[in-house]
Amino acid sequence: MSISEDHIRNFSIVAHIDHGKSTLADRIIEKTGLLTEREMQDQVLDNMELERERGITIKSQAVRTVYQAKNGEEYIFNLIDTPGHVDFNYEVSRSLAACDGAILVVDASQGIEAQTLANVYLALDHDLEVFPVINKIDLPSARPDEVAAEIEDIIGIEAADAPRISAKQGIGIEDVLEAIVEKIPAPTGDPKAPLKALIFDAVYDSYKGVIVFIRVMDGVVKKGTPIKFMATGAADEVIEVGYFGAGQFIPCDELSAGMVGYITASIKELKQTRVGDTVTNSAQPCAEALPGYKKVNPMVYCGVYPADSAKYPDLRDALEKLQLNDASLVYEPETSIALGFGFRCGFLGLLHLDIITERLEREYDMDLVTTAPGVVYRIHKADGELMELTNPANMPDPSEIDYMEEPYVSAEIMVSTEYLGAIISLCQERRGIQTGMDYIETTRVLLKYELPLNEIIYDFFDALKSRSRGYASFDYELSEYKRSELVKLDILINHEYVDALSFIVFKDNAYERGKRMCEKLKEEIPRQLFDIPLQAAVGGKIIARETIKAYRKDVLAKCYGGDISRKRKLLEKQKEGKKKMRQIGSVEIPKKAFLNVLKLGDE
Amino acid sequence: MPGEKLSLYIHIPFCIKKCNYCDFLSFPTGGRNTPLAERYAAALLREAEALRGGSLSEACQVDINQARGQSYQVDINQVGDPSRQVDINKPVKSIYFGGGTPNILSSEWITRILCKLKRLFTIEKDAEISIELNPGVYEEKERHRELEALKEAGINRISIGLQSACAAELKRLGRIHDLTAFLKLYEEALNCGFENINVDLMTGIPLQTCDSFARTLEKVLELRPKHISAYSLIVEEGTPFGEVPLKSLDLPDEDEEYEIYLMTRRVLKQAGYERYEISNYALPGYECAHNLVYWDRGDYLGLGLGAASLIGDLRFSNTGQLQKYLSAPGDARENIHKLTEKEAMEEFMFLGLRKTAGVSRADFKRAFGYDMDEIYGEIIAGEEGAGLMEEDGDMVRLTERGMDAANRVMSKFLL
C-alpha cells in the first residue's frame, strides 16, 4: 500500500483537562468509520482501566483512521493522543514532535485555562500548526464568541472560523474533519533519504517483546531493515512493522516518510527504547539524530514496602514487570528500621507515583506501605562532595553539610480576580516567588510563580482548588535548583525514632509541620493499650508533642443462644485488621498512616 | 466436659415489639398468644418429638480424614440429621428458654414443651431450667397465675430483662416496660418461690451517664438478685439504631462508657457478686450453668427457629425461615459444619477465656492431645508480657486489663 505524503495528516489534540479531548478523539474515530458506534467503547484511546477510571491519558496512544473528504479524496489520519498531565511533560513533547499539527480544544464556557496555554505553547514550540475548536457549545453556559475572542487575544491564533462543536452530542464533527485536511500540513519528509524516525512511545508485549511507536521522518522501514537506536546504541533487525488500529496492532509491509506506526525487533528490554530517541538504518545511517532527546529523571521519590515483609521478592518481580512498560520508573532496594526491606522508587510526579502504586496493588495484588514522597535534594557537603538525597533518612549530620539546594518549578496559575488574593497568599505560604502577573481579561489573571517542588507535591493542587472553589488552573515545569535552608524533621512514636516518617522541611516551617504531623498521627493511629507519646524533633530537639490516650475497652457482649458464628467473624475481622497494621516497637500503626500523615490538608 | 451431659436451648422468636437495638431472630407480634405463636409452639413439640429414637449408635459417621485440614460444610443428605447424633439418654443438666420473648407464650405452652422434653430426655434432678421474661408482657391480673404455673412446670431460674431503671433510657431503647413493671414482676416471682433470679442490664446505651447507671445498679442491688448480666450495647446494622447517624444516638463517649464499665465491676464486687464471665456477675454458687456450657464447649442442642447447636465437633443450626420451620420442624437442621481440630482449638481458647477462671491446660491436653504451649505458647507468653494474661496453676486466664481488651487478645488465638 503506497500512500503519498500529501494524503497523510499527523496530529494530536491538546486541551485543558475535562475540556473534551478524549470525547472529540472518539468522535473522530467513529466518524471516520474505523469503528461502528456499537464497537465503540467510550474513549477508545484510554486503554488502561486506570485511565478510564481517572478520565486521563497516562500513556501516549495512537490510532490510524481513513477519512473520505468532501473533495472526494481519502486521507490517512494518524491521531496521537498525548498524556494529559504535567508529570508526563516530556512524553507530551515527544508525541507532539511526531505530529505536524494540533487541534486545540477549548471549553465554550470555561475558556482558556492554565493547561490550555501550557499545551498550546508546547505545540507552537514544536512548530505545529494549531487550529482551535470550541467545544461544549450545547451547554447553557456556553459563550463561544467570547471564547473565540479570548483565543485570539491571548494565544494569538485565528479563531473566528474555529469549528463550534459538541463532541458529546456529535455536533460539528464534520467541520473538524475538514479542518484537519485543510489546516494541518502534510508531512514533508524524503522517502529516499536514510531512515530517520522518532520514538514517541513504547510498550512491552509478552509475545512481541518491545513494541516501539515511531513517526518516520525520512526514509523507509520494513521487515528486515537493520536498525539502530542512536542514543542508546541498541541495534537489531526489524521483525514486524505496522500501524495502529483501534486498540490493536495491524502489521503492514513498510512505513515510509511521514507515516506513524510501530516496529518490533527482538528487543527484550524497554530500557533500551527511550522515548525521544532516533531510529535509523544501521547500514545507511542518517547524519544526525532528531533534536530534543533527553533522559528523563524522576522528580519524586518515596519508599515502597510490602506490608508483609515475606512478599519482598514478589514486590521486586512486580516492579520489574512494571518497568518493562514504563521506563521512567526507577527503583532500588533499601531497608528501613520501621518497615523492613523495600524499594526507594523514583517517579515523574505524584500522579505517576499514584498510578504505579495503584497498579502494584491492583494488577499484582500487592499490599503496600508507602512513605511520604519527597523530591531530590542536593547536598553540598563541607568536604566538597555533592550528594543527591532521595531518602530523608540518609541525610548526613548537619555538621558535614556546607549548604543544600532544592528543586524549584516555574508555575502558571490562571485564576479569576475574585480569588486572586487567596491564591497569592497560598503561593506565599508555599514559599513562592512571584515572577509575573498578567490580566488576560478584566476578570482573569495569569500568575507566574517560582515554587519549591517540595511545596507542591503533596496537596498544592487540592489547596488551589479549594481556595478558588475550583476556578483556578495550574501547570508547571521544573526550572532549577536553588539554595535553601532545610532541616530533617524526625518523628518519634513512643520514644522510638521511625525512620520512615522523617522528612526534609524548610527550616522556618519545621515547627508548624512538626506540630501538624503529630496531630495528624494522633488521628491516624488508633488508641492502644497504653498512652503513646508522639514527638517531632529537629536535630534531637523536640519541637512538638501529642499523646494518644490508651483505649478503654474492646469487649464483645452478647453471644446469643450459643450461636458463636458472629463472634468468630468479629475476631477474624479483628485479625484481618491487624494485618493492615505495622508493628513499630510496641505500637501498631496503620499502613496508610505513613502516607496520610503528609496529607496535612489546607485549613 | 463435652460429651458427658447435654444442655437444651429453646428459642421463642416473637416479641410484642422489636427493641431499637435488637438484631436477634425475632418477629414482632403485637400481643401474647397470637395464633402464629401457638402454631410455632406446636411446631416446637413436633421438632422435639422427631428426636425420639435418635441415638449415637445409629448416627452417621462423618469421614474423619476429611475433617483434618480444612473445615467443610456437611451435606445433610449424605450424613443425615446431626441431631440424631444426640444421645437422648445423656443426662440433661440445663434447659434455657430464650428469645425473643419467651413469656409471650402462655405458661401452658411452656409447660407442654417442658413435659415433652421430660418425656424425651433424662433431665437431672437439679438441672437448671431458665426462662427469660420481659416485664412488659404480663397483664396485671395474669402475672401471679403465669409465674406460679411456670414454677409448677419446673422452671427454677428466671432472667428478667430490665436493661435500665431510667425511664428515658428505656424509651430510647424501645423497651415496652418501665421500672414499676419490673419491680412488680420481681416481687411476684419471689412470692411464687423463684429464688434464682437474673437481671439483665445494658451499658453504653443512649443517654446513659455514670450517674444514671449508678442509680440503675442501686435499684437492682436493693433486690439482691442472685445473678446480674451487664452487656454493653453494640449498634448493629439493620437495626433502627444502625440506620441513624451514630451521633444522633446520644451514646456516652468512650471514656464515660469505660467509667460505667469500671463502676459496674467495682460496685458489684463490693456487693459480693463475682464476675465469672466477661459480662456476667453472680453471688457465689449462682453462676448460670447453661451460660457456662457455651464457654466450656459442652454439648448443647438448640430447638426452634435458628437455634444453634454444638454436638461433639459438629456445629449446626436450625433454619431461620419461619415458614420453612413451621411446615417441617423435624427437618430444620441446616448449616452443619464439622469443626476441624484447628477450629476446635481456637474455640476452646476464645470461648474459654471469656470466663474469669480462664482455660485449663489439662483440659486442653485431654481434648486435643497437645500441650497448650505447643500451639499457643508464644502467644500466651506475649500476652502475659503485655499484662493481658496470667497463669494460676493449671489455669491460663485474662487479667482485668486483658478482659477490657478481650477481643484483641482473643483474636490472636485464631490460628
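Definitions and limits used
- Residues numbered from 1 in each chain as written.
- Chains lettered and ligands numbered in written order.
- Predicted model: local features only at pLDDT ≥ 70, side-chain atom pairs only at ≥ 80, totals over all residues.
- Helix = DSSP H or I, 4+ residues; strand = E, 2+ residues; numbered from the N terminus.
- Buried ≥ 20, exposed ≤ 12 C-beta atoms within 10 Å, placed from the backbone.
- Contact = placed C-beta atoms within 7 Å.
- Pairing = 2+ DSSP bridges.
- Axes fitted to C-alpha atoms, helices over the stretch in contact; angles between N-to-C directions.
- pLDDT = per-residue confidence, 0-100.
- Parallel < 35°, antiparallel > 145°, perpendicular 65-115°, else oblique.
- Nonpolar A, V, L, I, M, F, W, Y, C, P; charged D, E, K, R; others polar.
- Expected span 1.5 Å × (residues − 1).
- Arc of directions from axis to C-beta.
- Core = buried A, V, L, I, M, F, W, Y, C linked by C-beta atoms within 7 Å.

Draft legend 1. Molecular detail of the overall build of chain B. Assigned secondary structure in chain B consists of 17 helices and 18 strands. By the burial criterion, 47% of the 415 residues in chain B qualify as buried.

Draft legend 2. Spotlight on the overall build of chain A. On a plain count of helices and strands, chain A comes out with 14 helices and 33 strands. A fraction of 69% describes how many contacts in chain A between residues 6 or more apart in sequence connect residues 24 or more apart.

Draft legend 3. Seen up close, the sheet that holds strand β4 (residues 101-107) of chain A. All names here are of chain A. Here five strands make up an open sheet; going across it, the order is β2-β3-β1-β4-β5 and the pairing mixed. The sheet is open, and its two edges are formed by β2 (61-68) and β5 (129-135), each paired on a single side. Geometrically, the sheet is characterised by an average inter-axis angle of 30° between neighbouring strands, direction not taken into account. As judged from the five bridges shared by strand β1 (residues 8-15) and strand β3 (residues 74-81), these two strands associate in the parallel manner. Residue pairing for β3: R9 is matched across the bridge by F77. On the sheet, helix α4 (residues 114-125) packs against β1, β4 and β5 and is oriented at approximately 150° with respect to β1.

Draft legend 4. Local environment of the confidence of the model for chain A. Residues and elements named next belong to chain A. Mean pLDDT for chain A: 85, with 91% of residues reaching 70 or above. Model confidence for chain A, summarised as mean pLDDT per element, is weakest for helix α2 (residues 49-54) at 52 and strongest for strand β21 (residues 377-381) at 95. Contacts from residues 36-46, a stretch scored under 50 in pLDDT, to residues over four places away or in other chains number 22 contacts.

Draft legend 5. The packing of helix α4 (residues 107-120) of chain B against helix α5 (residues 143-153) of chain B, seen in detail. Residues and elements named next belong to chain B. Relative to each other, α4 and α5 sit at 5°, their axes nearing to 9 Å. Relative to α5, α4 is oriented roughly parallel. Residues S107, I110, T111 and L114 of α4 pack against E146, A149, L150 and A153 of α5. Residue classes in the contact of α4 with α5 are distributed as five nonpolar, two polar and one charged.

Draft legend 6. Here's a closer look at α4(B). All names here are of chain B. When the terminal C-alpha atoms of α4 are compared, their 20 Å separation across 14 residues agrees well with the 20 Å that a helix rising 1.5 Å per residue should span. For α4, the complete set of buried residues consists of S107, W109, I110, I113, L114 and L117. Projected down its long axis, α4 shows its buried positions confined to an angular sector of 160°, all on one face.

Draft legend 7. Broad picture of unusual backbone geometry. Each neighbour pair has its own omega, and for B:G99 with B:G100 the value is 15°, a cis peptide bond. Checked against the element boundaries, B:G100 lands in the loop between β5 (91-99) and α4. We note that A:D127 has phi near 60°; this positive angle belongs to a residue other than glycine. Inspection of the secondary structure puts A:D127 in the loop between α4 and β5. Classification of A:D127 as exposed rests on a count of 11 C-beta atoms within 10 Å. Even without glycine at this site, B:Q163 takes up a positive phi of about 70°. Take B:Q163: it is sitting in strand β7 (residues 157-163).

Draft legend 8. Looking closely at the packing of helix α1 (residues 35-49) of chain B against α4(B). All names here are of chain B. At their nearest, the axes of α1 and α4 sit 10 Å apart, and the two run at 5° to each other. Taken as axis vectors, α1 and α4 run roughly parallel relative to one another. Where α1 approaches α4, its residues E38, A41, L44, L45, A48 and E49 are matched on the opposing element by W109, R112, I113, K116, L117 and L120. When its residues are assigned to classes, the contact of α1 with α4 shows eight nonpolar, no polar and four charged.

Draft legend 9. How the structure looks around the pairing of strand β32 (residues 581-584) of chain A. Residue and element names in this part refer to chain A. Burial along β32 is one-sided: R582 and I584 are buried, while M581 and Q583, pointing the other way, are not. The pairing of β32 with strand β33 (residues 587-590) spans four bridges and is antiparallel. Residue pairing across strands places I584 opposite V587, the latter belonging to β33. The loop that links β32 with its antiparallel partner β33 comprises two residues; one of these, G585, has a positive phi angle of about 60°.

Draft legend 10. Representation of the environment of A:A160 within the structure. Position of A:A160 relative to the elements: it lies in the loop between α5 (144-155) and α6 (173-183). For the pair A:A160 and A:A148, spaced twelve residues apart in sequence, the C-alpha to C-alpha distance is 6.2 Å.

Draft legend 11. Just the environment of B:A308, in detail. Examined against the element boundaries, B:A308 turns out to sit in strand β13 (residues 308-311). A sequence separation of 298 residues divides B:A308 from B:I10, and the C-alpha atoms of the two residues are 9.7 Å apart.

Draft legend 12. Molecular detail of the confidence of the model for chain B. Residue and element names in this part refer to chain B. Averaged over all residues, the pLDDT of chain B is 89; the fraction at 70 or higher stands at 91%. Note that pLDDT drops below 50 for residues 54-72; the model gives that stretch 29 contacts with residues more than four away or on any other chain. Across the predicted assembly, pTM comes out at 0.63 and ipTM at 0.82.

Draft legend 13. Layout of the sheet that holds strand β11 (residues 240-244) of chain A. Residue and element names in this part refer to chain A. In space, the eight strands of this open sheet follow the order β10-β9-β15-β6-β7-β14-β11-β12, with antiparallel pairing throughout. This sheet does not close on itself; its edge strands, each paired only once, are β10 (235-237) and β12 (249-252). Going across the sheet, the axis of each strand differs from the next one's by a mean of 40°, ignoring polarity. Of the strand pairs in this sheet, strand β9 (residues 226-229) and strand β15 (residues 278-281) are connected by three bridges, and their pairing is antiparallel. Bridging from a neighbouring strand, F229 pairs with V279 of β15.

Draft legend 14. Up close: the nonpolar core. Formed by 166 residues in total, the largest nonpolar core has its most connected members in A:A102, A:L104, A:I214, A:V221 and A:I413. In this structure A:A102 touches A:F11, A:S12, A:I13, A:V14, A:L96, A:A123, A:L128 and A:V130, once residues within four positions along its chain are discounted. Judged by nonpolar contacts, the second largest core, of 116 residues, contains B:I12, B:L117, B:F121 and B:L170.

Draft legend 15. Examining helix α13 (residues 341-352) of chain B more closely. The end-to-end C-alpha distance of α13(B) is 16 Å, a good match for the 16 Å that twelve residues give at a rise of 1.5 Å each. The set of residues buried in α13(B) consists of B:M345, B:E346, B:E347, B:F348, B:M349, B:F350, B:L351 and B:G352. Among the structural elements, α13 (565-579) of chain A together with α11 (289-296), β16 (359-360), α14 (361-368), α15 (372-385) and α17 (406-411) of chain B are those in contact with the buried residues of α13(B).

Draft legend 16. Fine view of the pairing of strand β17 (residues 330-336) of chain A. Sheet topology note: the β17(A)/strand β18 (residues 340-347) of chain A ladder contains seven bridges and is antiparallel. Paired with A:Y331 across the bridge in β18(A) is A:C345.

Draft legend 17. Here's a closer look at the environment of A:K553. Here A:K553 lies in the loop between β31 (541-548) and α13. Placed 24 residues apart in sequence, A:K553 and A:L529 show a C-alpha to C-alpha distance of 8.9 Å.

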